[in-house]
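Listed here are the chains, written in short residue letters.
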Amino acid sequence: FMNIPGARGRIIGNNPISFSAPITDERPLNLDIACSTVASLKVAQAKNEHKSIPNTWIVDGDGNPTTDLGCYPASYALQPMGSYKGYGLAIMVDLMTSVLASGDFSSSGKIHSWCLDLESSNNVCHSFLVIDPTKFMQGEKIESRVKDMVVTLRNKPKAVGSSRIYTPGEIGWDQLQDAEANGIALPSDVFAILRELADDIGIEFPVTTKG
């Protein structure tokens, strides 16, 4: 959960936004982000690995930015990205995924974390919007127009020291290809948790270890 400007405590969900569009001869353009500065799992990972974080990630119990991870996530909360801008986006997502879906909105106190409260029903709501481009575009294919856009972006002047301009989703596709070819390296604590969960529910843990 996130804090919001002017408040203290865990107020509103970080309400992720996901968007995808097809590209000619390429994998889709993908964007999948939370409305918080960083996803909660990044904060949890930093805490588990005893790493420092910037003061733009979380707030303490009084609503002040902090780098202290000691009370996260019990009483500390994530900061919205861009302050009031991330707060506004989170409200828009909440309207679409809770109010529009006749469900509970995240600040109601009825939404429970699937990471932190496994015993309670999650009560998270979702909303999906699919746009048919043929209703807007005449004689053109969206794949080719998106291709034109991403090629134009990639060919813009590069910053000093930059070798490439990425469009949303490219890095993720590269990481997926590497994972498919070489597997995923799990941190030792994640490995231990997954092994314990597998044992608890009696399923095989399909992991190959490399020396």
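Up top is the structure these notes are about.
Residues numbered from 1 in each chain as written. Predicted model: local features only at pLDDT ≥ 70, side-chain atom pairs only at ≥ 80, totals over all residues. Heavy atoms only, no water.

Colleague: Even after reading the chapter, I still don't get the overall build of the protein, so can you show me in this structure?
Modeller: Scanning the protein for helices and strands turns up 5 helices and 5 strands. Along the protein, helices and strands appear, N-terminal first, in the series β-β-α-β-β-β-α-α-α-α. For the protein, the C-alpha atoms occupy an extent of roughly 55 × 50 × 45 Å along the three principal directions. Here the protein holds 211 residues, and the buried ones make up 22% of them. When contacts within the protein are restricted to residue pairs at least 6 apart in sequence, those whose partners lie at least 24 apart make up 46%. Split by element, the accessible area of the protein, about 14,700 Å² in all, is 57% carbon and sulfur. One finds the centroid of the 18 positive side-chain charges in the protein at a distance of 8 Å from the centroid of its 24 negative side-chain charges. (Helix = DSSP H or I, 4+ residues; strand = E, 2+ residues; numbered from the N terminus. Buried < 20%, exposed > 50% of the residue type's maximum accessible area, 1.4 Å probe, protein only. Contact = heavy atoms within 4.5 Å. Areas by Shrake-Rupley, 256 points an atom, 1.4 Å probe, with all protein chains shown as cover. Lys, Arg positive; Asp, Glu negative; His and termini not counted. Charge placed at Lys NZ, Arg CZ, Asp CG, Glu CD.)

Colleague: Mind showing me how you'd approach helix H3 (residues 142-154) here?
Modeller: Structurally, the α-helix is built with 3.6 residues per turn, so residues lying three or four positions apart point the same way. Spanning 13 residues, H3 covers 18 Å between terminal C-alpha atoms, matching the ideal 18 Å at 1.5 Å per step. Considering only its buried residues, H3 is in contact with strand E1 (17-23), strand E2 (26-33) and helix H4 (170-182). (Expected span 1.5 Å × (residues − 1).)

Colleague: It is not clear to me how unusual backbone geometry should be interpreted in this structure. Could you clarify?
Modeller: The bulk of non-glycine residues show a negative phi, and the bulk of peptide bonds are trans. Look at the link from Tyr72 to Pro73: it is a cis peptide, with omega at 5°. By the secondary structure assignment, Pro73 is in the loop between strand E4 (65-66) and strand E5 (77-78). Within the chain, Asp25 stands out as a residue other than glycine whose phi angle is a positive 65°. Note that Asp25 resides in the loop between E1 and E2.

Colleague: I would appreciate a short explanation of the side chain of Ser36 in the present structure.
Modeller: Among the secondary structure elements, Ser36 is positioned in the loop between E2 and helix H1 (40-48). Look at Ser36 and you get buried, because its relative accessible area is 3%. One polar contact links the side chain of Ser36 to the main-chain carbonyl oxygen of Val38, over a distance of 2.7 Å. Other than its neighbours up to four places away in sequence, Ser36 contacts Met2, Asn14, Leu78, Gln79, Pro80 and Met81. (Polar contact = N/O pair within 3.5 Å; in protein donor to acceptor, adjacent residues only side chain to side chain.)

Everything listed here is a matter of coordinates, which is why it stays silent on function.
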